Amino acid sequence: MARIAFIVTTCHEFEGIKVLSATLKQHGHQTDCFISSLERDFHGAVLDFRPDVIGMYATTGQETWAYGHIERWKKDLPHLRTVQGGPHPSFDIDLLRDEEMIDATIKAEGEYAMLEVVEAWEANRSIEDIPNVGYLKDGVPFQNPIRPAIQDLDALPFPDADIFYKYGFLQNKRVMQVHASRGCQNSCTYCSVGLMKKEWVTGGKNETFNRTKSVDYLCEEMNDILARYPNFRMVNFGDAALNMKHGWLEEFAEKWPERVGMPFACNVNINYLNEDDVRHMARAGCKSVQFGLESGIEEVRTRVYGKGYTDEIVYSIPQLIRKHKITYRTNNIMGSPAETLDDMFATVEANRRLLPQGCTVLIYRPYKSTQLGREDFEEDRVDIGKDIGPSFQFDSQMKRDDLREVVNLQKLFNLAVYLPFGVPMVRRLIKLPRNPVYDWILLAFLWYQHAVVSGYGMLDDFKLGVLNLGQIFGKRFGGVHVYGKGKNQLIESMDMGGEAAFFEGGEEPPPQPPKRKKPTLVENRWRKSGRKERAAG
């Protein structure tokens, strides 16, 4: 049987890795997970495990972080193979050109693809016919078609929490991480889910992207974990929205308090939330929710982001949440090409009106796995030579004349929301040069809101912040992404997400007549009023 080591650089419990590990163990393989920030000697710990396969999860900006380790591991373990999954390799397989580092990629859900890859390598068989797998052939990356998405989540083994809870810090913290579903009701243009819905399902009969575990399965999963790790005091559901499936919350409110009885925090989709849902959540033990506001401008949310949240929804649903004594936080985006600086201050004003218990504020990033991100590259809005690292908190890669003000506003956003004189003060402060004080102001608000409002605990969240400080503000392993023989994948594959560039048989299709250019998402914002697109800068 094979030995598989999963490696991650962020101190976090990854649901996907837990389920991959459980599936591999179910078939007799040995697995372990190694978190770089929790190991005294990360490189040596992985080497001592003597893995046959290294598994990596990567979002864009994290795909090359382990290359130095892999190069050395392969010298000591000549048989070692590496496979990468997650959002980045699911939409961009050009990193396979780094053939000394990456032997295969997996697109979309990986439980059975990973199992088949491991067993093929163990038997010295080819992986070229395995669905979901990407590989390099004659120097060219190829992506195999995907298999149908797993419809019955209850058919999967319980996620393998042991590979993360072997670490004392993760085992003894106050809050545990759990998922009740896969998917998302929305198809926001700044998020990869919209393209996942098109590319991660085969279109088979009754195949759906949004799926939910049964309440019975979820309660059994929780009690299986708590039987071995009884110190947890709260659950955080990491789903896109706990109200994913109509009617599910009612059954959850009946069974969760009796069978599990732990308070929880979660994300919600306010477009699909009504007072009955909020009442069920409160009855089940919900203490805090988070939802994506993203912009204070309705036409940006609806016409550009495709989020669908009207002002009526934005300002009415939080009142219901507050009525049932549940705290709430908003998610907000700064620096998208759809907004001017004044628009971003409108988002400040929207939060001042909503009075959430916390505001999470992230800098917009143009991912090629998103509709808006692909458009950004096509329209030359992105400074592709600027390395900003993997974090949403550090900097922007967009071409804007007001970039300093935008990045500073993201850091000082909460001051503008919560201080009586915050808006005029922050309008002045954002004109100053960027400085570490602003970074620490942002971090202080993040710490308080995460620890106190969402119930994570001050000490636990402080430790977590320290362990992930490099991921929050780090500028390493970032956004230039040059693979293989110096090709810049941001340019090479900006129109097709890094995989449509490779044709069956290696032959290019005949040239097609140019298509009529459709209005961009950003242009659509202004078309209704007859105004021209305003420059981002």
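Below or above, wherever it landed, is the structure these notes cover. Here the structure is a predicted model, which is why all the values come from computation and not from measurement.

### Observations concerning the sheet that holds strand E6 (residues 133–137)
Taken together, seven strands build an open sheet; the order of strands is E2-E1-E3-E4-E5-E6-E7 and the sheet is mixed. What marks the edges here is a single partner per strand, and that holds for strand E2 (30–35) and strand E7 (140–143). Each strand of the sheet is rotated relative to its neighbour by a mean of 25 degrees, with strand direction disregarded. Strands in contact with helix H1 (residues 15–26) are strand E1 (3–8), E2 and strand E3 (53–57); relative to E1, the strand with the most contacts, it is inclined by about 175 degrees.

### Remarks on helix H17 (residues 422–429)
Buried residues of H17: Gly 422, Val 423 and Val 426, and no others. The buried side chains of H17 occupy one side of the element, clustering within an arc of 90 degrees when seen end-on. If you follow the buried residues of H17, they end up packed against helix H14 (341–354) and helix H16 (403–418).

### Here's the deal with the side chain of Arg 400
With respect to the element layout, Arg 400 can be found in the loop between helix H15 (371–378) and H16. What makes Arg 400 buried here is its relative accessible area of 9%. There is a polar contact of 2.9 Å between the side chain of Arg 400 and the backbone oxygen of Ser 336.

### Here's the deal with the packing of aromatic side chains
Any pair of aromatic rings gets described here by the distance separating the centres and the angle formed by the planes. One pass over the structure, following the stated rule, counts 19 aromatic pairs. Between Trp 248 and Phe 252, the aromatic rings sit 4.9 Å apart at their centres with planes inclined by 15 degrees, giving stacked as the arrangement. Of this pair, Trp 248 and Phe 252 both sit in helix H10 (residues 248–259), four residues apart, which is roughly one turn of that helix. Judged by relative accessible area, which is 5%, Trp 248 ranks as buried. Take Phe 252: its relative accessible area is 0%, and that puts it in the buried class.

### A short note on the packing of helix H2 (residues 42–49) against helix H3 (residues 67–76)
Orientation of H2 relative to H3, taken along the N-to-C sense of each, is 35 degrees, at an axis distance of 11 Å. In terms of crossing hand, the pair formed by H2 and H3 is right-handed. Contacts from Phe 42, His 43, Val 46 and Leu 47 of H2 reach H3 at His 69, Arg 72, Trp 73 and Asp 76. Counted by class, the contact of H2 with H3 contains four nonpolar, two polar and two charged residues.

### Some remarks on the pairing of strand E11 (residues 234–237)
Here E11 shows no split at all, with Met 234 and Asn 236 on one side and Val 235 and Phe 237 on the other all buried. Inspection of the sheet shows E11 paired to strand E12 (residues 264–267) by two bridges, in the parallel sense. Its bridge partner being in E12, Asn 236 is matched across the sheet by Ala 265. Note on the crossover from E11 through H10 to E12: the handedness is right-handed.

### A look at unusual backbone geometry
Of note, Asn 124 is a non-glycine position whose phi angle comes to about 60 degrees, a positive value. With respect to the secondary-structure elements, Asn 124 resides in the loop between helix H5 (111–122) and E6. A relative accessible area of 69% places Asn 124 in the exposed class. Of note, the phi angle at Asn 132 is positive, near 80 degrees, even though the residue is not glycine. Judged by relative accessible area, Asn 132 falls into the buried class, the value being 1%.

### What about the nonpolar core?
Of all hydrophobic cores here, the largest spans 97 residues; its most connected members are Ile 7, Met 114, Phe 237, Phe 252, Trp 256 and Phe 264. Top contributing element to this core by residue count: H5, with seven residues. When near neighbours in sequence (up to four residues on either side) are disregarded, Trp 256 contacts Leu 218, Cys 219, Met 222, Val 235, Phe 237, Gly 261, Met 262, Phe 264 and Ala 284. If you look at the next biggest cluster of nonpolar residues, it comprises 18 residues, including Met 334, Val 406, Ile 430 and Tyr 438.

Rules used throughout
- Residues numbered from 1 in each chain as written.
- Predicted model: local features only at pLDDT ≥ 70, side-chain atom pairs only at ≥ 80, totals over all residues.
- Heavy atoms only, no water.
- Pairing = 2+ DSSP bridges.
- Helix = DSSP H or I, 4+ residues; strand = E, 2+ residues; numbered from the N terminus.
- Axes fitted to C-alpha atoms, helices over the stretch in contact; angles between N-to-C directions.
- Contact = heavy atoms within 4.5 Å.
- Buried < 20%, exposed > 50% of the residue type's maximum accessible area, 1.4 Å probe, protein only.
- Arc of directions from axis to C-beta.
- Polar contact = N/O pair within 3.5 Å; in protein donor to acceptor, adjacent residues only side chain to side chain.
- Phe/Tyr/Trp six-rings, centres within 6.5 Å; stacked < 30°, edge-to-face > 60°.
- Left-handed = near helix turned anticlockwise from the far one by under 90°.
- Nonpolar A, V, L, I, M, F, W, Y, C, P; charged D, E, K, R; others polar.
- Right-handed = clockwise from strand over helix to strand, strands pointing away.
- Core = buried A, V, L, I, M, F, W, Y, C linked by side-chain atoms within 4.5 Å.

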